[in-house]
Amino acid sequence: MAQDTAKLLSVHNLSKAFPGVKALDDVDITLDKGEVLGLMGENGAGKSTLMKILCGVYKRDSGRISYLGRDIIFSRAHDAQVAGIIPVYQELSLCENMTVAENIFIHKQPVKKFGNVIDWKKLNQETEKLLALFKLDVSPGTLVADCSVSLRQQVEILKAISFNPKVLILDEPTSSLGQREADLLFRIIERLKKQDIGIIYIAHNVDEVISISDRISVLRDGRHVGTIPSDQASETKLIQMMVGRTIDSLYPEMGQVEDRPVLEVRHLAAEDSEQEVSFEAFKGEILGVAGLVGSGRSRIAKMIFGLEPRKSGEFYVNGQQVKLKNHRDAILHGIAYVPKDRKAHGLFLDMEISRNIVAARLDKYCRRGFMDLKLEQEEARQYSKLLKIKSSGVDQEVKSLSGGNQQKVLLGKWLSVKPKVLLIDEPTRGIDVVTKSEIHQLIRQLANEGVAIVMISSELPEILGMSDQILVVNDGKIINKLPNKDASQETIMECISQAIAQKQRVNHGSHS
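Just so you know, these numbers come straight off a predicted model, no measurement behind them.

Engineer: I'm lost on the pattern of salt bridges in this one. Help?
Structural biologist: If charged atoms from side chains of opposite charge come close, those side chains can pair. Inspection of the entire model under this criterion finds 24 salt bridges. Close ionic contact of Lys 311 with Glu 274 constitutes a salt bridge, the shortest N to O distance being 3.5 Å. With Lys 311 in strand S14 (residues 310-317) and Glu 274 in the loop between strand S11 (261-270) and strand S12 (277-282), the pair connects residues that are 37 residues apart, well separated along the chain. We classify Lys 311 as partly exposed; its relative accessible area is 43%. For Glu 274, a relative accessible area of 73% puts it in the exposed group. A salt bridge links Glu 426 to Arg 297; its shortest N-O distance comes to 3.7 Å. Taken as a pair, Glu 426 in the loop between strand S19 (421-425) and helix H15 (433-448) and Arg 297 in helix H9 (residues 297-305) lie far apart in primary sequence, 129 residues in all. In this pair, the class of Glu 426 matches that of Arg 297, namely buried. Residues participating in the shared-partner salt-bridge network are Glu 190, Lys 193 and Asp 214.

Engineer: Would you mind going over the nonpolar core with me for this structure?
Structural biologist: Across soluble globular proteins, nonpolar side chains show a tendency to be buried alongside one another. Formed by 73 residues in total, the largest nonpolar core has its most connected members in Phe 279, Ile 304, Ile 335, Trp 414, Leu 423, Ile 453 and Ile 492. For Ile 492, the contacting residues outside a window of four places in its chain are Ala 290, Leu 460, Ile 463, Leu 464, Ile 470, Val 472 and Leu 482. Among the nonpolar cores identified, the runner-up in size contains 52 residues, and Ile 104, Leu 123, Ile 199 and Val 243 belong to it.

Engineer: Before we go on, may I ask you to explain the packing of helix H5 (residues 149-161) against helix H6 (residues 179-194) in this structure?
Structural biologist: Geometry of a packed helix pair, given as the angle between the helix axes and the separation of the axes. As a packed pair, H5 and H6 sit with axes 12 Å apart at the nearest point and diverge in direction by 5 degrees. It follows that H5 is roughly parallel to H6 by the angle criterion. In contact with Ser 150, Gln 154, Ile 157 and Ile 161 of H5, H6 contributes Glu 181, Leu 185, Ile 188 and Leu 192. By residue class, the composition of the contact of H5 with H6 is 5 nonpolar, 2 polar and 1 charged.

Engineer: Before we go on, may I ask you to explain the layout of surface pockets in this structure?
Structural biologist: Vacant regions in the atomic arrangement are exposed by a probe of water-molecule size rolled over the atoms. A volume near 1400 Å³ is recorded for the second largest pocket. If you trace the second largest pocket, you find 46 residues lining it, with Asn 43, Gly 44, Ser 400, Leu 401 and Ser 402 closest to the centre. Within the residue set of the lining of the second largest pocket, elements represented by two or more residues are strand S2 (21-31), helix H1 (47-54), helix H11 (342-346), helix H14 (403-415) and H15. Its residues placed into classes, the lining of the second largest pocket shows 12 nonpolar, 17 polar and 17 charged.

Conventions used here
Residues numbered from 1 in each chain as written. Predicted model: local features only at pLDDT ≥ 70, side-chain atom pairs only at ≥ 80, totals over all residues. Heavy atoms only, no water. Salt bridge = Lys/Arg side-chain N within 4 Å of Asp/Glu carboxyl O. Helix = DSSP H or I, 4+ residues; strand = E, 2+ residues; numbered from the N terminus. Buried < 20%, exposed > 50% of the residue type's maximum accessible area, 1.4 Å probe, protein only. Core = buried A, V, L, I, M, F, W, Y, C linked by side-chain atoms within 4.5 Å. Contact = heavy atoms within 4.5 Å. Axes fitted to C-alpha atoms, helices over the stretch in contact; angles between N-to-C directions. Parallel < 35°, antiparallel > 145°, perpendicular 65-115°, else oblique. Nonpolar A, V, L, I, M, F, W, Y, C, P; charged D, E, K, R; others polar. 1 Å grid on protein atoms, 1.4 Å probe; cavity = no way out; pocket = protein on both sides within 12 Å on 5 of 7 lines; lining within 4 Å. Points joined across faces, edges and corners; volume = space filled by probe spheres on them.

It is worth stressing that arrangement in space is one thing and function is another; only the former is reported here.
Spelled out as structure tokens, the structure:
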């Protein structure tokens, strides 16, 4: 068979099946040296399966893979790694009890000439060179456990770069990054392209994929629908390729907000801060919370829900003052919280869909100390149907679901408590455009039914498309509140830039 010497990587007629599921069906894609190939598709389209075959995690059933002009078969992930095909998975694989340096150079630490002892000085020097790529102000000796989610994501990417890859596969690399960090990543990708490194870039953000890619390949239901040059791509065209139809609007119409606050927060302050936060969320309102990574937006929700300690704070639900000592109090008073990291903090991955959906209110399903399994199953089936969860049934383990369906299960878990207030952090992080649209519709439907929703998102288009009012947060405080009609990406970023500049002037004055 003729070898494909012109391409860095070629996939021909690749197929892979799991019990009851054809994950990949006769897929063909190619990757050139110094090229970014965007890979798009709905959750469950086959992107992750393709990635894991290329990286030696799964074995293909049929087809051929040509790499650097030779047919290859990787029997394990280590073989692909040695060959220079390096993945960065969406779910991070860092060791929290090890330092940044130890994680980046794990299993390949520099050693001294004699004694086979780790050369810690060289290890830290090499780490500092990589940290400089992201302009990260962190010590090589910092424990990963003490790093933010955003910083961990960047460490994971630097770990991959440290292997000197020939092919770098990035799966939702900006899902935990703010715009500044994402822009730095894009500049690093441009630098890697000049070194003839080929990059497969998997993401759900259509604008992001178009801007960073040279070509875009689309998978649908395990099949390769087509590949187009990025300069010929558009959101409408890619969505149509991904789902086989157009989506008229990613965002639902605005609803009617009643002049009646459901949640009032007064003088909320963290233990380590002098900043106080006060705001109201009204019946039927989606109150968007915007800010850069590290601005304190997520912390506000966690303090309200009792997951982080606070120095002060008063809370009112439907005009009545309530004591929120912990998350149990919050749930009892009708406040639900959907965290941004569904796998680490939201779901029981080894448990069934049904067990996850009832987990927030087990007392509701208990009868004389025993679980009412019939009621649990009925409730789970009800929310599974409402949320259009794609599964073999409510007994399916959550870890086997796609990211979008896992997010729906997490929503079902908190909708089952019948909340008056829904605090939701990054509601559509890492999910495909169709599921994103479904979740947007659901959030608006809840608001229309009278639920007050506080929605935190790092995606400004999502904030602008969904919110009735927008709180702009910086350095742990609310710096502006904008009605939707007065808001734009430019006005939000201008508010943040002015606040940062003001803080710098104050700090400079105090040191003068």
